[in-house]
Amino acid sequence: KMNLDQNSWTESIEKSKNSVVLDVRTPEEYDEGCIVNSINLNIYDSQFFMDELNKLNKKDFIHVYCRTGSRSFQACEIIKQLGFENVYNLEGGILEWKGKIITSK
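Only a predicted model underlies this, so the values are computations on that prediction, with no experimental measurement involved. (Residues numbered from 1 in each chain as written. Predicted model: local features only at pLDDT ≥ 70, side-chain atom pairs only at ≥ 80, totals over all residues. Heavy atoms only, no water.)

Caption draft 1: Main features of the nonpolar core. Counting residues in each nonpolar core, the largest one holds 16 residues, and the members touching the most others are Leu22, Val24, Phe49, Ile62, Val64, Ala75 and Ile79. Secondary structure elements with two or more residues in this core: β2 (19–23), α3 (46–53), β5 (61–65) and α4 (70–81). Considering every element that reaches this core, the biggest residue donor is α4, with three residues. (Core = buried A, V, L, I, M, F, W, Y, C linked by side-chain atoms within 4.5 Å. Buried < 20%, exposed > 50% of the residue type's maximum accessible area, 1.4 Å probe, protein only. Helix = DSSP H or I, 4+ residues; strand = E, 2+ residues; numbered from the N terminus.)

Shown next, in the form of structure tokens:
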């Protein structure tokens, strides 16, 4: 199952030894507040997005979020096409996130 609610998504991050958390929003959105230990890969910057994805290990557990869950769903589809098997989308995005949010400013 690719779309996970917050509890399942968080559990999956904690359980996977090689977990990567990707924030696919714009750098401006990311600076306003992000989930702890996330990496910002703006899906709208497609060349950078693809280049960075190709640096990741295909065996890693990739956890993706955006503002509402729609960009991250698209991102998950792309990531799966690249051959990653363990890809998880946060339903509701950071808007519905109840966990800790940090600002990078």
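Caption draft 2: Summary view of the packing of α3 against α4. α4 packs onto α3 with a crossing angle of 50° between their chain directions and a minimal axis gap of 11 Å. Viewed along their axes, α3 and α4 adopt a mutual orientation that is oblique. For the pair α3 and α4, the sense of crossing is right-handed. Contacts between α3 and α4 pair Phe49, Met50 and Leu53 from the former with Ala75, Ile78 and Ile79 from the latter. Tallied by class, residues from the contact of α3 with α4 come to six nonpolar, no polar and no charged. (Axes fitted to C-alpha atoms, helices over the stretch in contact; angles between N-to-C directions. Parallel < 35°, antiparallel > 145°, perpendicular 65-115°, else oblique. Left-handed = near helix turned anticlockwise from the far one by under 90°. Contact = heavy atoms within 4.5 Å. Nonpolar A, V, L, I, M, F, W, Y, C, P; charged D, E, K, R; others polar.)

Caption draft 3: Up close: the pattern of salt bridges. With the rule as written, the count across this model stands at four salt bridges. A salt bridge links Asp23 to Arg25; the nearest nitrogen and oxygen atoms lie 2.6 Å apart. You'll find Asp23 and Arg25 in the same group, each marked buried. (Salt bridge = Lys/Arg side-chain N within 4 Å of Asp/Glu carboxyl O.)

Caption draft 4: A look at the pairing of strand β6 (residues 86–90). When you tally the buried positions in β6, you get five out of five residues, the bulk of the element. Side-chain alternation along β6 places Asn86, Tyr88 and Leu90 on one buried face and Val87 and Asn89 on a second face that is also buried. In the sheet, strand β1 (residues 3–4) pairs with β6 via two bridges, with the strands oriented parallel. Of the residues in β6, the one forming a bridge with Asn3 is Asn89. Where β5 meets β6, four bridges bridge the pair, whose relative direction is parallel. What sits directly across from His63, in β6, is Tyr88. Handedness of the β5-α4-β6 crossover: right-handed. (Pairing = 2+ DSSP bridges. Right-handed = clockwise from strand over helix to strand, strands pointing away.)

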